[in-house]
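# Structure assessment
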There are 2 protein chains.
Amino acid sequence: MPRVAILGATGAVGDVLRKVLAEREFPVDDLVCLASPRSAGKRVAFGDDEVEVQAVSAEAFEGVDIALFSAGATRSKEWAPIAIERGVVVVDNSSAFRMQPEVPLVVADVNPEAARDHRGLVANPNCSTMQLMPVLKPILDTVGIERVTISTYQSVSGTGQSAIDGLRSEASQSLTGDAVAPAVYPHRIAFNVIPAGSFAGDDGYTDEELKLVHETRKILSAPNLRVSVTCVRVPVVTGHSEAVWVETTRPMSPAELRDLLMEREGIVVVDDPASHAYPTPLDAAGSDDVYVGRIRRDLGCENGLALWVVSDNLRKGAATNAVQIAELLVRDGLLAR
Amino acid sequence: MPRVAILGATGAVGDVLRKVLAEREFPVDDLVCLASPRSAGKRVAFGDDEVEVQAVSAEAFEGVDIALFSAGATRSKEWAPIAIERGVVVVDNSSAFRMQPEVPLVVADVNPEAARDHRGLVANPNCSTMQLMPVLKPILDTVGIERVTISTYQSVSGTGQSAIDGLRSEASQSLTGDAVAPAVYPHRIAFNVIPAGSFAGDDGYTDEELKLVHETRKILSAPNLRVSVTCVRVPVVTGHSEAVWVETTRPMSPAELRDLLMEREGIVVVDDPASHAYPTPLDAAGSDDVYVGRIRRDLGCENGLALWVVSDNLRKGAATNAVQIAELLVRDGLLAR
């Protein structure tokens, strides 16, 4: 059984990584929980057990087979080479290596074959990309895709536990009529929406938006796919939603798309709007599936389909896919030793 | 000076109608505040004065020159013919008459000329349509528009005061850890988003979405304009936001669009994302302007522009435009007597 480490074990995603490993009964010989020195000595839950958190160090990676990294791009850049040198296969949830040509960027149920060529590191896509891939892939394979347009409704938990606490404290102050200072983002998020994150450059796009464009093209092996995107933060705790329009190469009816998606493992179609059945982030939170609803013709495009895609950004959007990649590495004998 | 009546004087929009009439110093000879019998006798503010609310009746419209209706489609259908018969010009904020070919559907700063042909009734567009028209019109006039794609982030106040109270009570219950029953919509809205409203028919589109398609085409006199739309409710009190993509006939750069919009009365461009300057609904609430930001190239479309449009749905999206139509009727001598 492999020895598994988590870097960032005490964070919002780290917390879900431990849960998902236990829920899926991943065969763990020993779970090494790593974090920054200030979290060392903390005890965190793993299934029915508790594990003591260690400060990350080169020695801590000795004997580890798989390390799940979720401590941000800076830490990933610092520790991934050190871990890989010690024979660890790293599954990295940060943006540090995703766009490097030699690094496989893998959604487990979409392009598992990409993992075969890893050189000690497999990258886990960004949350807003991740949930869309299992939906786009069967459309691409069946009728081809010309263009995808996406606007996101992203929850705060992707920013971390501090953002969840910040949203709650802002909302609470607002309800009691107190002045509300922004606690997390440059603007207040409680009872507001924020159409931006950090900015990548001069073209007016955010990092988050460019990730969605470039990661989608890489995962789908569609380097020229036309992708239009606006990323927006909404006052939701967990669960990202996406309004999506897909222009297909050959026609596909909404009924055909519904049937196609209903066959797929990991996708749940909730689409009976007359009975108020459509996915919401509250309903998706806590689940490993991707939820799809509001499937209809795009009124503004000949071969167009409109849909609504929701998933738990900490699970399928981060931790669940990282664990699924680890499962794949074990199953296909892709570990270093 | 004209005698003005408000039907629905005690509602969320009625409240703003009284404020906007006073703020803009609309020349009111006498303000007749009408509502359902159960609100009769209430006193409501109008500038520094108070006005007693009367139960709506045929007699109440005698001597009235302009009536601003904001009491829902059913009440509009019932009372508009009665008012018109008495020589009143009705400015109707409901969806009752908007798509009737002989009824002008007017955004005051976009197609004021349409009001000239009224037959006693001018319709006020739906909030999500309204705020987009002053932005699309100069683009249409300058370079032509092939297609518009819109996803909305709509606040709850358009649903009425009960929805504002409902959002607050749901949020409060959620923060204290109590079970939360949906107070307003079929699903909880606090810390959630709802990708739907009432459904128009079998094609999977909501009434709100179809309004945006058909009203846009009518106001812009562009019956074949291609419009793609998804309408979503978010937990915001007041202020609708829209992620918009515009495919133009001839090319226009983001800088040209910025310049074009900055020249327009009633539009405020807030677009310096590196300094976190972009519109949010919280900032737009209470203002009569339409705010535009995140102006950039559409990465997925040759002649494409992406932007973010925010406005106070009770003001420019409803009350302010209704009062602007009334101003137009007075200024251009379009009252019945």
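Residues numbered from 1 in each chain as written. Chains lettered and ligands numbered in written order. Predicted model: local features only at pLDDT ≥ 70, side-chain atom pairs only at ≥ 80, totals over all residues.

## Points about the packing of helix α1 (residues 12-23) of chain A against helix α9 (residues 315-331) of chain A
Residue and element names in this part refer to chain A. Taken N-terminus to C-terminus, the directions of α1 and α9 make an angle of 50°; their axes are 9 Å apart at the nearest point. Considering their axes alone, α1 and α9 lie oblique with respect to each other. Where α1 crosses over α9, the two elements pack in a sense that is right-handed. Residue-level contacts link Val-13, Val-16, Leu-17, Val-20 and Leu-21 of α1 to Arg-315, Ala-318, Ala-319, Thr-320, Ala-322 and Val-323 of α9. (Axes fitted to C-alpha atoms, helices over the stretch in contact; angles between N-to-C directions. Helix = DSSP H or I, 4+ residues; strand = E, 2+ residues; numbered from the N terminus. Parallel < 35°, antiparallel > 145°, perpendicular 65-115°, else oblique. Left-handed = near helix turned anticlockwise from the far one by under 90°. Contact = placed C-beta atoms within 7 Å.)

## Comments concerning the nonpolar core
Within the largest apolar cluster, 224 residues are counted, with the highest numbers of intra-cluster contacts made by Ala-67 and Val-292 of chain A together with Ala-67 and Val-292 of chain B. Other than its neighbours up to four places away in sequence, Val-292 of chain A contacts Val-135, Leu-261, Ile-267, Val-269, Pro-279, Leu-307, Trp-308 and Val-309 of chain A. (Core = buried A, V, L, I, M, F, W, Y, C linked by C-beta atoms within 7 Å. Buried ≥ 20, exposed ≤ 12 C-beta atoms within 10 Å, placed from the backbone.)

## Considerations on the sheet that holds strand β13 (residues 290-297) of chain B
Sheet strands line up and pair through hydrogen bonds in the backbone, either parallel or antiparallel. All names here are of chain B. Across the sheet, six strands lie side by side as β10-β9-β11-β14-β13-β12; this open sheet has mixed pairing. Every interior strand has two partners, whereas the edge strands, β10 (226-230) and β12 (267-269), have only one. Averaged over all adjacent pairs, the angle separating strand axes in this sheet is 25°, with direction ignored. Contacting β9 (145-153) and β10, helix α6 (residues 207-219) runs over the sheet at an angle of about 155° to β10. (Pairing = 2+ DSSP bridges.)

## Regarding unusual backbone geometry
Residue and element names in this part refer to chain B. A positive phi angle is found at Phe-191, which is not glycine, with a value near 55°. Mapped onto the elements of the fold, Phe-191 is located in the loop between α5 (161-175) and α6. Phe-191 sits in the buried class, given 27 other C-beta atoms within 10 Å. Non-glycine residue His-276 carries a positive phi angle of around 65°. By the secondary structure assignment, His-276 is in the loop between β12 and α8 (281-284).

## With respect to the interface of chain B and chain A
Interfaces are often sized by the accessible area lost when the parts come together. Each partner contributes residues to the interface: chain B has 52 residues there, and chain A has 52 residues. Of all the secondary structure elements, the ones that give two or more residues to the side of chain B that touches chain A are β9, α5, β10, β11 (240-248), α8, β13 and β14 (304-311) of chain B. The residue inventory of the side of chain B that touches chain A, partitioned by class, reads 30 nonpolar, 13 polar and nine charged. (Nonpolar A, V, L, I, M, F, W, Y, C, P; charged D, E, K, R; others polar.)

## A closer look at the domain arrangement of chain A
All names here are of chain A. Along its sequence, chain A is organised into domain 1 (3-125 + 318-331) and domain 2 (132-154 + 196-231 + 239-312). Relative to domain 2, the C-alpha centre of domain 1 lies at a distance of 27 Å. The partner domain 2 presents 11 residues to the 10 residues of domain 1 that form the contact. Its residues placed into classes, the side of domain 1 that touches domain 2 shows five nonpolar, three polar and two charged. (Domains from an automatic or database assignment.)

## Description of the relation of the copies chain B and chain A
Under the fitted operation, chain B is carried onto chain A by 0.0 Å of movement along the axis and a turn of 180°, and the coordinates agree to an RMSD of 0.0 Å. Taken together, the turn and the small shift mark the pair as related by a two-fold rotation axis. Of the interface residues in chain B, 100% have counterparts in chain A that sit at the interface too, so the contact is made through matching surfaces. (Least-squares fit on C-alpha atoms with pLDDT ≥ 70 in both.)

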